[in-house]
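Single-letter residue listing:
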Protein chains: 2
Amino acid sequence: MEQIKIIEIKKSVFAENDKDADALRQELKSRGVFLLNLMSAPGSGKTTTLIKTINLLKDMLRIAVMEADIDSDVDAVKIKEATGIQSIQLHTGGMCHLDAEMTRQGLDNLDLKDVDLVILENVGNLVCPAEFDTGSACNAMILSVPEGHDKPLKYPLMFSVCDLVVINKMDVAPYFDFDLDKCKEYIHMRNPKARVIPICAKTGEGVESFAEWLQKQVIDWKN
Amino acid sequence: MEQIKIIEIKKSVFAENDKDADALRQELKSRGVFLLNLMSAPGSGKTTTLIKTINLLKDMLRIAVMEADIDSDVDAVKIKEATGIQSIQLHTGGMCHLDAEMTRQGLDNLDLKDVDLVILENVGNLVCPAEFDTGSACNAMILSVPEGHDKPLKYPLMFSVCDLVVINKMDVAPYFDFDLDKCKEYIHMRNPKARVIPICAKTGEGVESFAEWLQKQVIDWKN
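Procedures and definitions
- Residues numbered from 1 in each chain as written.
- Chains lettered and ligands numbered in written order.
- Predicted model: local features only at pLDDT ≥ 70, side-chain atom pairs only at ≥ 80, totals over all residues.
- Heavy atoms only, no water.
- Phe/Tyr/Trp six-rings, centres within 6.5 Å; stacked < 30°, edge-to-face > 60°.
- Helix = DSSP H or I, 4+ residues; strand = E, 2+ residues; numbered from the N terminus.
- Buried < 20%, exposed > 50% of the residue type's maximum accessible area, 1.4 Å probe, protein only.
- Lys NZ or Arg CZ within 6 Å of the ring centre and 35° of its normal.
- Least-squares fit on C-alpha atoms with pLDDT ≥ 70 in both.
- Contact = heavy atoms within 4.5 Å.
- Axes fitted to C-alpha atoms, helices over the stretch in contact; angles between N-to-C directions.
- Left-handed = near helix turned anticlockwise from the far one by under 90°.
- Pairing = 2+ DSSP bridges.
- Buried area = accessible area lost by both parts, 1.4 Å probe.
- Salt bridge = Lys/Arg side-chain N within 4 Å of Asp/Glu carboxyl O.
- Polar contact = N/O pair within 3.5 Å; in protein donor to acceptor, adjacent residues only side chain to side chain.
- Nonpolar A, V, L, I, M, F, W, Y, C, P; charged D, E, K, R; others polar.

Trainee: For this particular structure, what's the right way to read the packing of aromatic side chains?
Mentor: Two measures describe an aromatic ring pair: the distance that separates the ring centres and the angle between the ring planes. Enumeration according to the criterion identifies five aromatic pairs over all chains in this entry. Summarising the aromatic geometry, the rings of tyrosine 175 of chain A and tyrosine 175 of chain B are spaced 4.0 Å apart at their centres and angled 15 degrees between planes, so their arrangement reads as stacked. Of the two residues, tyrosine 175 of chain A sits in the loop between β6 (164–168) and α7 (180–190) while tyrosine 175 of chain B sits in the loop between β6 (164–168) and α7 (180–190), which places them in two different chains. You can call tyrosine 175 of chain A partly exposed: its relative accessible area is 32%. Here phenylalanine 34 of chain B and tryptophan 221 of chain B contribute two aromatic rings whose centre-to-centre distance is 5.9 Å and whose plane-to-plane angle is 90 degrees, an arrangement assigned as edge-to-face. Placement of the pair is phenylalanine 34 of chain B in strand β1 (residues 34–40) and tryptophan 221 of chain B in helix α8 (residues 207–222), with a sequence separation of 187 residues. Assessed through its relative accessible area of 2%, phenylalanine 34 of chain B is described here as buried. One Lys or Arg, lysine 29 of chain A, reaches over the ring of tryptophan 221 of chain A and ends 4.5 Å from the middle of that ring.

Trainee: Would you mind showing me how to read the relation of the copies chain B and chain A here?
Mentor: The relation between the two chain copies is a rotation about an axis coupled with a shift along that axis. Rotating chain B by 180 degrees and translating it 0.0 Å along the rotation axis places it on chain A, where the RMSD comes to 0.0 Å. Taken together, the turn and the small shift mark the pair as related by a two-fold rotation axis. Considering only C-alpha atoms, the residue of chain B closest to the rotation axis is asparagine 125 of chain B, which sits at 3.0 Å. Most of the interface of chain B is mirrored in chain A: 100% of its interface residues are interface residues there too.

Trainee: It is not clear to me how the packing of helix α2 (residues 46–57) of chain B against α8 of chain B should be interpreted in this structure. Could you clarify?
Mentor: Working note: a packed helix pair is described by the angle between its axes plus the distance between those axes. Residue and element names in this part refer to chain B. Running from N to C, α2 and α8 cross one another at 65 degrees; their axes reach a closest spacing of 9 Å. Note on packing geometry: the crossing formed by α2 with α8 is right-handed. Between α2 and α8, the residues in contact are Thr49, Lys52, Thr53, Leu56 and Leu57 and Val207, Glu208, Phe210, Ala211, Leu214 and Gln215, respectively.

Trainee: In this structure, what is going on with the side chain of threonine 92 of chain B? I would like to understand it.
Mentor: Residue and element names in this part refer to chain B. On the secondary structure map, threonine 92 appears in the loop between β3 (86–91) and α4 (100–108). By relative accessible area, threonine 92 is classed as buried at 8%. Among residues more than four places away in sequence, those in contact with threonine 92 are Ala68, Asp69, Ile70, His97, Leu98, Met102 and Val123.

Trainee: Got a minute to help me understand the sheet that holds strand β5 (residues 138–144) of chain A in this structure?
Mentor: Think of a sheet as strands paired side by side through backbone hydrogen bonds, with each pair either parallel or antiparallel. Residue and element names in this part refer to chain A. The seven strands are arranged β3-β2-β4-β1-β5-β6-β7 in an open sheet whose pairing can be described as parallel. The sheet terminates laterally at β3 (86–91) and β7 (195–198), the two strands that pair on one side only. Neighbour-to-neighbour, the strand axes of this sheet turn through a mean angle of 20 degrees, independent of strand direction. As defined by bridge partners, strand β1 (residues 34–40) adjoins strand β4 (residues 117–121) across five bridges and the pair is classed as parallel.

Trainee: How do you make sense of the interface of chain B and chain A when you look at a structure like this?
Mentor: One frequent convention defines the size of an interface as the accessible area lost when the parts assemble. Contacts between the two partners involve 39 residues from chain B, matched on the other side by 39 residues from chain A. For the chain B and chain A pair, buried surface summed over both sides reaches about 3100 Å², with 59% attributable to carbon and sulfur atoms. The largest per-residue losses of area from chain B upon contact with chain A belong to Pro42, Lys154 and Tyr175 of chain B, which jointly make up 19% of the total buried on that side. Our count for the chain B to chain A interface comes out at four salt bridges. In this structure, lysine 154 of chain B engages aspartate 75 of chain A in a salt bridge whose closest nitrogen and oxygen atoms are separated by 2.7 Å. Put simply, chain B and chain A have eight residue pairs in polar contact (both at pLDDT 80 or more) between them. Those elements that place two or more of their residues in the side of chain B that touches chain A are α1 (2–31), α3 (74–83) and α5 (151–154) of chain B. Counting residues per element, the side of chain B that touches chain A draws most heavily on α1 of chain B, which supplies five residues. When its residues are assigned to classes, the side of chain B that touches chain A shows 18 nonpolar, seven polar and 14 charged.

Structure follows, in structure tokens:
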């Protein structure tokens, strides 16, 4: 009986969040702001990827970043220093994900007047963030080579809610048993429409493809 | 007001779980079974580390393994094939962690009569599993070099609840900006007593130290 109670609470949390997320998405749409929810496991290279991507796009798009972490502000500082764009840190107070209300609180702390694109770097976690709609126009994720090509088998929801899977750290593929074809096959089992872009954020290889994809999403959203 | 409600629910879930976990721990103690809760981010090399460790210990200790994942059974199959020991897969049904009740359900599916050590490979996640006491005698975690040395700053609770941090994939350290001394310093900021053991599960280097540490824990627990 107790287990049933917990499930009901969870459901009501999800339903409430879905409503908040839809409202936030519509509001952002009417203001011409594209919100990207970027997810990954810890240490996949989200911040490095973002720095390279923002530097490619910042002359074409007005960009702001929200870095979510349980603690520390290392990522927001890094982004600000390396790109010069608006960047804030969200502390989740121990929470393993962001929901739409927490995302809204973050957005309230940004000056959105002249912003086309807000990138939300979600908490490093392949499970919980996939369950909560943040109100984003689009979900994307980064999987890094050292994590292994079998991750879509183990974290099905994450791969099924993402429109794009960036595969990072391709430069170290020779040192790991990582099969890119198998990885793509597993990703497409979860989400046949997912776009897959292999990159190396460290050297910058492939980052242009990610930047082009992102620019296209923002332009389509605004029109 | 709604936020307060959610916090209360969370608290009551934690309190209930702590009680269940203590009861399970006492029961296992009286049966002479040591439960190790092994946590990490996705793709840190838990399964490879376990295979090497079990093969070093299986003539000295009677070992069983429970592999927790949201989906798939690749890890349980791998462990069974590579070590020959009792190995079962727990599917969490989308849940991001194991609690004491789920752990008990797993243990009920093992034959514990002649077992000294049960290793629980928790869901790959640096956030939620740290919040739920599984009833284990001991928590340990694996951090892998590609994840970066700053992880104790970002995932404070995980590092503070673990008695041991195994640092895996030391062989690829030259290809990543990983500072072992800094990592140890950050770990000890979170947990001054944590033991840190660098290994490379792929080559086997350092695994003996982990095996020795584990064997000592089991012997101390049984006496």
